[in-house]
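Residue-level listing of the chains:
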Amino acid sequence: MSNKKDNAVSSHIQMPKLLLKRFHNEYNRFYYYDVKNKFIGKNGTAESINTELGYYSVGMEHYLRDSIETPFGEMLSLHEKTSFNNQTLAMPSSFETTTKNFLYALIVRGPKFENQMNEAEDWLQIFTQQEQHDFIPYKGIDIAKENNLLSNFIVTFMINETDIPFVLSMDGLYGYSFNNYLVLNLPISPKITVSLFPKHYSNRVKQKDGSISMFQINKSDDVMIMNQASFLAQIKRNWGYVVCPQKEELERLKKMYICSK
């Protein structure tokens, strides 16, 4: 009789391989800060970090791949080779919906949302852990859509023109203050973030021809502030990793956190 583990796949718990592999360096590795164990590792890979065998079922893996990750990845691939070098970017009509669906999935795949769902829905305890892991993101994405969770934000990109790379946490999405307003960032490479600005920025972001304006970041201090927001947000979760193609930025962030305690 076969064991269920025989058919199990190694699942990425929250941050998918799609984005993790964009943070590989020239050696197809990245450095990572281990939040629980408080050390910097040097041989992280998109295939292995933040994974667990059988965390999701094969069916759920296919749903996340086909409905969430592949549409988002195809949209990015369509433009990343040349268009991100321009000041404006023409995006398909599905751009905002596809991006927000990806963000919803990131949010509801996190342990924080899982704990909230388990506390709110006692009946989930009758199911296996894998069944819970399948149900919670699927239901959570529907809840986010029904409640228009990110409806007060418009989507654009920030381009990092400094020598300091963006870092990527397992949560992915983090908030920080931009001109005294909350902006949400999701790094999609060491040089680019998806950025959600409050709707009153629409005149600066959306052009008459339907294209979107992107924000150029030229100051290293600005990138470091963003990285600090990402790093500290993951620290507060008390789990997971923060990855970067360069060790130096993780060392700076680790030192900053230790000195601030």
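The structure under discussion appears in the preceding block.
All residue numbers refer to position in the chain's written sequence, counted from 1. It should be noted that, the model being predicted, local features are given only for residues of pLDDT at least 70 and side-chain atom pairs only at 80 or more, the latter also being counted only at that level, while totals for whole chains, interfaces and linings use all residues. Side-chain measures here rest on the full set of heavy atoms in the structure, leaving out hydrogens and waters.

Attention now goes to empty space enclosed by the protein. Method remark: on a 1 Å grid restricted to protein atoms, a set of points is classed as a cavity if a 1.4 Å probe fits but cannot get out and as a pocket if it is open with protein on both sides within 12 Å along at least five of seven lines; lining residues have an atom within 4 Å of a point. Grid points are joined across faces, edges and corners, and a volume is the space filled by probe spheres set on the points. As enumerated under the stated definition, the model contains one cavity of 30 Å³ or more in all. When its volume is computed, the largest cavity comes out at roughly 40 Å³. In terms of lining residues, the largest cavity is bounded by Y55, Y56, V108, R109, G110, E114, H133, I136 and P137. Secondary structure is summarised from DSSP: a helix means a run of H or I of at least four residues, a strand means a run of E of at least two, and numbering begins at the N terminus for each. Ranked by residue count, the leading element in the lining of the largest cavity is helix α5 (residues 129-146), at three residues.

A pair of strands is treated as paired once DSSP finds two or more bridges between them. One open sheet holds the five strands; their spatial order is β8-β9-β10-β6-β12, and the pairing between them is mixed. Looking at the sheet topology across the chains shown, the edges are occupied by β8 (174-178) and β12 (215-217). In this sheet, neighbouring strand axes are inclined to one another by 35° on average, regardless of whether the strands run parallel or antiparallel. Direction of pairing for β8 relative to strand β9 (residues 181-189): antiparallel, over a ladder of five bridges. In the sheet register, F178 faces β9, and the bridge partner there is Y181. To get an axis, fit a line to the C-alpha atoms, keeping to the stretch in contact for a helix; angles then go from 0 to 180 degrees between the N-to-C directions.

Right, let's talk about the nonpolar core for a bit. Here, the term nonpolar core denotes a set of buried Ala, Val, Leu, Ile, Met, Phe, Trp, Tyr and Cys residues that are joined through side-chain atoms within 4.5 Å. With a 1.4 Å probe rolled over the protein chains alone, any residue whose accessible area is under 20% of its type maximum counts as buried; one over 50% counts as exposed, and the rest are partly exposed. L19, L20, F72, F157, L186, I188 and V243 are the most contacted members of the largest nonpolar core, which has 69 residues in total. When neighbours within four sequence positions are excluded, V243 is seen to be in contact with L20, F23, F30, Y31, Y32, I49, V167, L168 and M170. In this description, contact between two residues means that some pair of their heavy atoms is separated by no more than 4.5 Å.

What follows deals with the packing of helix α2 (residues 58-80) against helix α3 (residues 95-108). Across the interface, α2 lies against α3 with an axial gap of 9 Å and an inter-helix angle of 130°. By the angle between their directions, the pair α2 and α3 is classed as oblique. For α2 against α3, the interelement crossing comes out left-handed. In contact with I68, E69, P71, F72 and M75 of α2, α3 contributes F95, T98, T99, N101, F102 and A105. Under the grouping applied here, Gly and all other residues not named as nonpolar or charged are polar, the nonpolar ones being Ala, Val, Leu, Ile, Met, Phe, Trp, Tyr, Cys and Pro and the charged ones Asp, Glu, Lys and Arg. Considered class by class, the residues forming the contact of α2 with α3 number seven nonpolar, three polar and one charged. In these notes the angle categories are as follows: under 35 degrees is roughly parallel, over 145 is roughly antiparallel, 65 to 115 is roughly perpendicular, and the rest is oblique. Handedness of a crossing is defined here by the sense of rotation of the near helix relative to the far one, left-handed for an anticlockwise turn of less than a right angle and right-handed for a clockwise turn.

So, on to the environment of M117. Relative to the helices and strands, M117 is located in helix α4 (residues 111-120). Between the C-alpha atoms of M117 and R22, which are 95 residues apart in sequence, the distance is 31 Å. Setting aside residues up to four positions removed in sequence, M117 forms contacts with L124, F135, I136 and K139.

In short, shape yes, function no, at least from these values alone.
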